[in-house]
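One-letter residues, chain by chain:
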Amino acid sequence: MELTYHQKYYQENKENWIRDTEEKKHSHRESSKKYANKNRESRSKYEQEYWSSRWEEYMWKQAKRRSARSGLDFDIDVSDIVIPTHCPYLGIEITKIFGQGVVWSNPSLDRIDNNKGYIKGNVQVLSRRANSVKQDLSLKELQNFCVNVLQQLGKASDLEGGK
């Protein structure tokens, strides 16, 4: 079977075509980086304004991204994310400060059972501080941690009382 004109052209120029394609990809990446750097401040301000009034949606989007990257189940809706006024674990007021790095009192979406994904009934909103403490611990490890902390505090108070 005889090759068409386009097939012959591709075979004869395959190396050039591949090189040109890679150069275009590189050029596009570089121009995108330049644009992002040039407009960083205005983009950052826009993102802050946009997401500061859409916390639940932002948290949902980030959880969906994490679950896809980690292979976790995901079936929650934005309406499943309810941000309380205070952290249920620490009792501190939940703030909504966007664009200033890590703010420990900001809301954080927690998986109650870390062996499960972001599924209905397995998510709650805590402060970032509480979620970071709880992050990788199993329920048994968390329980042991709390018991040990309380025991150490009891020993410390005994020492202080003996002075």
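In short, a report on the structure. Note that the structure is a prediction, hence the values are computed from the model and not measured.

### With respect to the nonpolar core
Within the largest apolar cluster, 16 residues are counted, with the highest numbers of intra-cluster contacts made by Met-59, Ile-76, Ile-81, Ile-83, Leu-109, Tyr-118 and Val-125. Looking at this core, the elements with two or more residues in it are α3 (55-70) and β2 (123-127). When sequence neighbours within four positions are dropped, the list of residues in contact with Tyr-118 reads Ala-63, Arg-66, Ser-67, Leu-72, Asp-73, Phe-74, Asp-75, Ile-76, Leu-109, Arg-111 and Val-123.

### Re the side chain of Ser-127
The residue Ser-127 is located in strand β2 in this model. The class for Ser-127 is buried, based on a relative accessible area of 0%. In this structure the side chain of Ser-127 is engaged in a polar contact, spanning 3.2 Å, whose partner is the backbone nitrogen of Ala-130. Excluding residues that lie within four positions of it along the chain, Ser-127 makes contacts with Cys-87, Leu-90, Ile-92, Ile-94, Trp-104, Ser-105, Asn-106 and Ser-108.

### Observations regarding the pairing of strand β1 (residues 107-111)
Extensive coverage of β1 is indicated by the burial of five of its five residues. Alternating positions in β1 separate into two faces, Pro-107, Leu-109 and Arg-111 on one and Ser-108 and Asp-110 on the other, with burial throughout. Sheet topology places β1 next to β2; five bridges connect them, and they run antiparallel. By the bridge assignment, Leu-109 is partnered in β2 with Val-125.

### Let's talk about the environment of Gly-71
Looking at where Gly-71 falls in the secondary structure, it is placed in the loop between α3 and β1. Judged by its relative accessible area of 63%, Gly-71 falls in the exposed class. Put simply, Gly-71 and Asn-122 are 51 residues apart on the chain and 16 Å apart in space, counted from C-alpha to C-alpha.

### Here we look at the layout of surface pockets
In this structure, the largest pocket occupies an estimated 710 Å³ of space. Contributing to the lining of the largest pocket are 26 residues, with Arg-66, Ser-108, Leu-109, Arg-128 and Asn-131 lying nearest its centre. Those elements that place two or more of their residues in the lining of the largest pocket are α3, β1 and α4 (128-134). Per element, the largest residue contribution to the lining of the largest pocket is six residues, and it comes from α3.

What counts, and where the lines are drawn
- Residues numbered from 1 in each chain as written.
- Predicted model: local features only at pLDDT ≥ 70, side-chain atom pairs only at ≥ 80, totals over all residues.
- Heavy atoms only, no water.
- Core = buried A, V, L, I, M, F, W, Y, C linked by side-chain atoms within 4.5 Å.
- Buried < 20%, exposed > 50% of the residue type's maximum accessible area, 1.4 Å probe, protein only.
- Helix = DSSP H or I, 4+ residues; strand = E, 2+ residues; numbered from the N terminus.
- Contact = heavy atoms within 4.5 Å.
- Polar contact = N/O pair within 3.5 Å; in protein donor to acceptor, adjacent residues only side chain to side chain.
- Pairing = 2+ DSSP bridges.
- 1 Å grid on protein atoms, 1.4 Å probe; cavity = no way out; pocket = protein on both sides within 12 Å on 5 of 7 lines; lining within 4 Å.
- Points joined across faces, edges and corners; volume = space filled by probe spheres on them.

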